[in-house]
Amino acid sequence: MKEKLESIKKEFDAEIEVVKNLNEAENLRVKFLGKKGLITLVMPMLRDVPNDQKREMGMLVNEVKNHIQTCLDEKVKQLNEQEIENQINNAEKIDITLPVETGVGSLHPRTIIQKEVEDVFISMGFVVDTGNEVETEFNNFDAVNVPATHPARDTQDTFWLTNGEVLKTHTSAAQNRILRKYGTNAKVIFPGRCFRNEAIDAGHENTFFQIEGVIVNENVSVANLIYFMKEMLSKVFKKEVEVRLRPGFFPFTEPSFEMDVKCPFCGGSGCSTCGGSGWIELCPCGMIHPNVLKMAGIDPEKYSGCAFGLGFDRLVMIKSGLNDIRALNSGNLKILKPFKLNI
Ligand code: DAH
């Protein structure tokens with residue numbers, strides 16, 4: 001058995017010398033250490049070794065086996081290093097003198113349209129402000145008249161943080177701060193990213209954008225609301241649009257409305273953009289609820305206000321012809337690159 005082991009070792013030492021790649025190293029491993037390898041096959045011979053030599057022979061088997069394993073490991077390590085060296089030196093050399101095709105980038109469709117909408121509001125005397133993405137429970141709900149027991153807290157499936165704060169579910173969460181900051185002659189819009197625990201499909205995203213606006217002064221009325229919304233939408237759609245108000249419900253406005261715009265593509269006769277109805281629902285709005293004014297330190301007896309929450313992603317989709325809201329957050333250039341404004 002001793003001679004057998006020595007001849008295996010000799011054979012291995014000769015063969016490992018000429019191994020040139022990882023494949024050959026693996027073949028060698030199988031030949032010597034594999035299930036039917038030479039070392040494995042020599043094991044049963046231990047049974048026939050006289051008892052007083054068993055220990056010595058067992059140690060010898062292990063020694064040869066370890067020798068083979070160590071040499072193979074070393075070889076594999078060497079080959080891997082060689083491979084990396086080769087890649088660096090030859091195949092994957094980067095020629096930094098070659099011209100690089102960079103292409104010209106562009107702003108995201110959302111950014112382009114947001115700027116456009118902001119400019120329209122600015123031209124009508126509005127200030128552009130912003131809100132936080134992480135909000136207190138108070139600002140997101142209580143300050144806009146949605147008390148703990150209000151069913152609206154259920155419908156707005158919310159991402160709650162472990163510290164009790166929330167990812168804001170609507171831009172209305174900034175109303176209290178904005179009203180406190182600008183007081184009794186507020187005329188402010190505050191665009192922002194909102195988050196809801198939604199099941200995602202072509203029409204729903206867990207992360208979406210709204211543009212909220214508030215106007216507060218003495219004698220603010222629904223007429224102001226209609227005027228500014230109609231002006232803004234006409235400028236954004238680049239033609240005189242017709243709007244209509246339907247009754248709606250929001251805890252923070254009284255009365256509340258849904259404002260629709262007559263489809264600027266078909267003029268109201270019905271098309272794929274307006275789903276055949278001739279109208280596009282775009283802008284929930286209303287007169288700010290007295291409780292909301294009070295909570296921001298404004299006397300509702302003396303002052304009134306109106307508010308709106310433009311579904312901004314919907315507007316972006318209409319203007320860009322994108323029919324899947326998920327594309328807006330995807331960063332998928334194949335979809336976003338060919339984007340051009342419909343209007
Ligand atoms: N916060 C509402 C929502 O996310 C939208 C909204 C409705 C905002 C009416 C308003 C408003 O300011 O007056 O569904």
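Draft legend 1. The arrangement of unusual backbone geometry in detail. Residues E254 and P255 are joined by a peptide bond in cis, for which omega reads 0°. Residues other than glycine seldom take positive phi values, yet N145 does so here, at roughly 70°. Tracing the backbone shows N145 in the loop between α6 (137–140) and α7 (152–155). In this structure N145 comes out as buried when scored by relative accessible area, which is 17%. Even without being glycine, K238 reaches a positive phi, approximately 55°. Position of K238 among the secondary structure elements: in the loop between α9 (222–236) and β6 (243–248).

Draft legend 2. Summary view of the site of the ligand. Taken together, 15 residues lie around the ligand, and H170, S172, R196, Q210 and E212 are the ones closest in. In this structure, an oxygen atom belonging to the ligand sits 2.8 Å away from a side-chain N or O atom of R196. A307 has a polar backbone atom sitting 3.1 Å from an oxygen atom of the ligand. Contact with the protein chains hides 93% of the accessible area of the ligand, taken as 360 Å² for the molecule alone. Of the residues assigned to the shell around the ligand, the class counts are six nonpolar, seven polar and two charged.

Draft legend 3. View of the packing of helix α2 (residues 22–33) against helix α4 (residues 51–89). Between α2 and α4, the shortest axis-to-axis distance is 10 Å and the interhelical angle comes to 170°. One element, α2, and the other, α4, form an angle in the roughly antiparallel class. Contacts between α2 and α4 involve L22, A25, L28, R29, F32 and L33 on the former and, on the latter, K65, I68, Q69, L72, V76, L79 and N80. Looking at side-chain class alone, the contact of α2 with α4 contains nine nonpolar, two polar and two charged residues.

Draft legend 4. Molecular detail of the domain arrangement of the protein. The assigned domain composition of the protein is domain 1 (2–90) and domain 2 (109–342). Placing a centre on the C-alpha atoms of domain 1 and another on those of domain 2 gives a separation of 72 Å.

Draft legend 5. Expanded view of helix α8 (residues 175–182). Where α8 is concerned, the buried positions are Q175, N176, I178 and L179. Around the axis of α8, the buried residues are gathered within 165° of arc, so they sit on the same side. In α8, the exposed positions angled more than 90 degrees off the buried face are occupied by R180 and K181. As for α8, its buried residues are in contact with α6, β4 (187–195), β5 (207–217), α10 (290–295) and β9 (304–311).

Draft legend 6. Examining the pairing of strand β8 (residues 279–288) more closely. Burial within β8 is extensive, with eight of its 10 residues counted as buried. Two elements, strand β7 (residues 253–262) and β8, share eight bridges in a ladder whose sense is antiparallel. For S256, the partnering residue across the bridge sits in β8 and is G286. Examined bridge by bridge, β8 and β9 share three bridges and lie antiparallel to one another. Within the sheet, the bridge partner assigned to M287 lies in β9 and is C306.

Reading the values: rules and limits
- Residues numbered from 1 in each chain as written.
- Predicted model: local features only at pLDDT ≥ 70, side-chain atom pairs only at ≥ 80, totals over all residues.
- Heavy atoms only, no water.
- Helix = DSSP H or I, 4+ residues; strand = E, 2+ residues; numbered from the N terminus.
- Buried < 20%, exposed > 50% of the residue type's maximum accessible area, 1.4 Å probe, protein only.
- Near = heavy atom within 4 Å.
- Polar contact = N/O pair within 3.5 Å; in protein donor to acceptor, adjacent residues only side chain to side chain.
- Areas by Shrake-Rupley, 256 points an atom, 1.4 Å probe, with all protein chains shown as cover.
- Nonpolar A, V, L, I, M, F, W, Y, C, P; charged D, E, K, R; others polar.
- Axes fitted to C-alpha atoms, helices over the stretch in contact; angles between N-to-C directions.
- Parallel < 35°, antiparallel > 145°, perpendicular 65-115°, else oblique.
- Contact = heavy atoms within 4.5 Å.
- Domains from an automatic or database assignment.
- Arc of directions from axis to C-beta.
- Pairing = 2+ DSSP bridges.

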